[in-house]
Amino acid sequence: MTPLAALDPAGAAVGLLYILAFSLFIYGIKLGTHPTTARRGNGLAALGMAIAVATTLAQKGIGNWGIIIAGIVIGSLIGAFASKRVKMTEMPQMVALYNGLGGGAIALIAWAEYRHWVNGENLSFTGSVPPDVLIPTLLAMVVGSISFWGSNVAFAKLQELIPSQPMGLPGQKLINGALLLVLLAGGVYLGINNDLADLSQPVFIGMLLVAAVLGTMVVMPIGGADMPVVISLLNAFTGLSAAAAGIALDNTALIVGGTLVGSSGTILTLEMATAMNRSVPSVLFAGFGSPVAGAGGDQEQRPHQSMGAQDAAIQLAYADSVVIVPGYGLAVAQAQHAVREMADELEKRGVRVEYAIHPVAGRMPGHMNVLLAEADVPYEKLREMDDINPELPQTDVCVVIGANDVTNPAAKTDESSPIYGMPIIEAGEAQQCLVLKRSMSPGFAGIDNDLFYDPKTSMVFGDAKAIVSEIVQELGKL
Amino acid sequence: MDLVTEITILALAAFVGFEVISKVPATLHTPLMSQTNAIHGIVLLGGLIVVGYADSTLDEVIGFVAILFGTINIVGGFMVTDRMLEMFGTKKKKKPPATAEPAGAEAAAGEAPGTPAGDSK
């Protein structure tokens, strides 16, 4: 079908080694279901990758060794350096960037493959690019290009190179729809006129550029809080584009590898969307900025209680059980180490300390767990939402640090609330609740949080890291 | 290989992927994502193939960039995943020297499953 198949006498051996490679990917991911085996799983997946790369390099028809060696050596250096330097708070950016690199690579490979068909001798004996090469190639190119540019925008937003607020043009949906139509039209044109070597190249490049604009336009209007969904979705896209490229190139390792990434991205996208009570289309086609019924207007000042670090320390020290609810505010304030110290201090006094992690507590799926693991919090203490909610009524003190919407009881009680139906950590169910927060201002969704006004709740105002460190000091004095 | 066979492979891989990945706990979702980033680096194979029949400077540049991007994904993805998972595994180490020794031993192109020091259990 493609030249690769033709110049591949040892095809069976290659195919078998590819099976070994992607089996190791799957087994590696399977070991990733538990923290104690996950690291070995990652190593096995890496071994699978080494086998896949070595197998490919041993094939006939692989040439231009100078380019291959230069690319692999420089790429390895950059990758190794970046992986040592990146901070754990920056993981969302890094994953976004890697999504982008993967998508970009796919778009380029699709382009090269297309050029090969149109310019090369293949065309002379087939007369045209066969549809089973053309369709996956175009799909890989379009989705790869969208992922590349979309991921770059997501990266820029997360890295705060551009404002993370939703930014859109009026009539954005119409523009995006029109761009999509142009891409379809381009695809149909190339499908019909697939033997016109002189015109098909410019059309192909045009589609590459239109997809680039579309990728940028789709992610630009999405706000910072929706990033967990967007990153997961772009992850799914890059996976699909790789699978499409695998079909175009007749490469089973690419098909399976790409599909695995696509599955993972799809699962995470759906989980994140559920955890935020949003549908995927609503994330893509509307910013959170769409008028939130003025519900969050800070019109009347409702009474609330507040206390200082000293009182907070006393309350914590005399509790039997404490559950910490970390939110993104904790990560922003880099307070995870201070929180660990506080937990250590409390545990010395025989207090049982656990952490309740909401699925969207960070800027990407599972982000908060990594930040706490970095601060040496043992993973057994990290409890998932559904797991810990039933235990909260028996908890003495629940400490909410830099989290807001994910604890808002309105999600369960107030049908008119925009977050109604969103799963929450039921901090209000605990005997007492401490909320560490800068001010009474509503959260990202602009919704007032009834938890703050609950008689069992005390607010402790200030920067998360500063207050927690103060509480640690006060605990030391007790 | 015909198209239908390839789509069959894709469909089966999707089912296996969904089955296995849906069992990964939320705690490990970030390492899962960076690991799938690395697996996505399989696009390197595509780069290696197309650069093999590059016959113009443009094709060579395209191939080079694709290989570069793919390799960054593979090496960076697996190494950073290893770094994260090492933190999940080190629960019982009694305050070692704060400067954690460089994670794993991955050399170029993501070889070496990194002597799994994580089995401290």
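Remember, it's a predicted structure, so these values are computed and weren't measured experimentally.

Visitor: It is not clear to me how the packing of helix α4 (residues 65–85) of chain A against helix α4 (residues 57–89) of chain B should be interpreted in this structure. Could you clarify?
Guide: In helix packing, the relevant descriptors are the interaxial angle and the interaxial distance, both defined with respect to the helix axes. Where α4(A) contacts α4(B), the axes come no closer than 7 Å and their chain directions differ by 35°. Crossing of α4(A) over α4(B) shows right-handed handedness.

Visitor: It is not clear to me how the domain arrangement of chain A should be interpreted in this structure. Could you clarify?
Guide: Frequently, the measure chosen for interface size is the accessible area that the parts lose on association. Once the domains are mapped, chain A shows domain 1 (1–85), domain 2 (88–288) and domain 3 (309–477). Relative placement of domain 1 of chain A and domain 2 of chain A: their C-alpha centres are 23 Å apart.

Visitor: Looking at this structure, I do not really get the environment of Gly77(B). What am I missing?
Guide: Summarising the element assignment, Gly77(B) is placed in helix α4. The class for Gly77(B) is buried, based on 32 C-beta atoms found within 10 Å. C-alpha separation for the pair Gly77(B) and Gln35(B), spaced 42 residues apart in sequence, amounts to 5.8 Å. When neighbours within four sequence positions are excluded, Gly77(B) is seen to be in contact with Tyr98(A), Ser34(B), Gln35(B), Asn37(B), Ala38(B) and Gly41(B).

Visitor: Can you walk me through the nonpolar core in this structure?
Guide: In terms of nonpolar packing, the biggest core is built from 200 residues, with Ala245(A), Val325(A), Val400(A), Ile401(A) and Val43(B) touching the most fellow members. A per-element tally of this core places helix α5 (residues 91–119) of chain A first, with 18 residues. Sequence-distant contacts of Val325(A), defined by excluding residues within four places in its chain, comprise Ala356(A), Cys398(A), Val399(A), Val400(A), Ile401(A), Ala403(A), Thr407(A), Ile425(A) and Ala427(A).

Visitor: It is not clear to me how the sheet that holds strand β3 (residues 382–384) of chain A should be interpreted in this structure. Could you clarify?
Guide: Backbone hydrogen bonds hold the strands of a sheet together, and the pairing may be parallel or antiparallel. All names here are of chain A. Pairing is parallel across the open sheet formed by 6 strands, whose spatial order is β3-β2-β1-β4-β5-β6. Edge positions in the sheet fall to β3 and β6 (457–461), since each of these pairs with one other strand and no more. Put simply, the sheet's adjacent strands are angled 25° from each other on average, direction ignored. Direction of pairing for strand β5 (residues 432–437) relative to β6: parallel, over a ladder of 5 bridges. Each residue of the ladder has a partner; that of Leu434, found in β6, is Ser458. Strands β1 (321–326), β2 (352–357) and β3 of the sheet are contacted by helix α16 (residues 367–374), whose axis makes an angle of about 145° with β2.

Visitor: Before we go on, may I ask you to explain the environment of Ala236(A) in this structure?
Guide: One can find Ala236(A) in helix α10 (residues 227–249). Its 24 C-beta neighbours within 10 Å are what place Ala236(A) among the buried residues.

Visitor: Can you walk me through the confidence of the model for chain B in this structure?
Guide: Close inspection of predicted coordinates is inappropriate for parts of the model with low pLDDT. Residues and elements named next belong to chain B. With 74% of its residues at a pLDDT of at least 70, chain B reaches an overall mean of 79. Within chain B, helix α3 (residues 43–52) has the poorest average pLDDT of any element, 91, and helix α2 (residues 29–40) the best, 94. Note that residues 92–121 has pLDDT below 50 and, in this model, 56 contacts with residues that lie over four places away or in other chains. We note a pTM of 0.84 for the whole complex and an ipTM of 0.86 for its interfaces.

Visitor: Could you clarify how one ought to interpret the environment of Tyr453(A) in this entry?
Guide: Residues and elements named next belong to chain A. Turning to its location among the elements, Tyr453 is positioned in the loop between β5 and β6. Given 14 C-beta atoms within 10 Å, Tyr453 falls into the partly exposed group. Along the chain, Tyr453 and Val143 lie 310 residues apart, while their C-alpha atoms are 47 Å from each other. In this structure Tyr453 touches Arg302, Pro303 and His304, once residues within four positions along its chain are discounted.

What counts, and where the lines are drawn
- Residues numbered from 1 in each chain as written.
- Chains lettered and ligands numbered in written order.
- Predicted model: local features only at pLDDT ≥ 70, side-chain atom pairs only at ≥ 80, totals over all residues.
- Axes fitted to C-alpha atoms, helices over the stretch in contact; angles between N-to-C directions.
- Helix = DSSP H or I, 4+ residues; strand = E, 2+ residues; numbered from the N terminus.
- Left-handed = near helix turned anticlockwise from the far one by under 90°.
- Domains from an automatic or database assignment.
- Buried ≥ 20, exposed ≤ 12 C-beta atoms within 10 Å, placed from the backbone.
- Contact = placed C-beta atoms within 7 Å.
- Core = buried A, V, L, I, M, F, W, Y, C linked by C-beta atoms within 7 Å.
- Pairing = 2+ DSSP bridges.
- pLDDT = per-residue confidence, 0-100.

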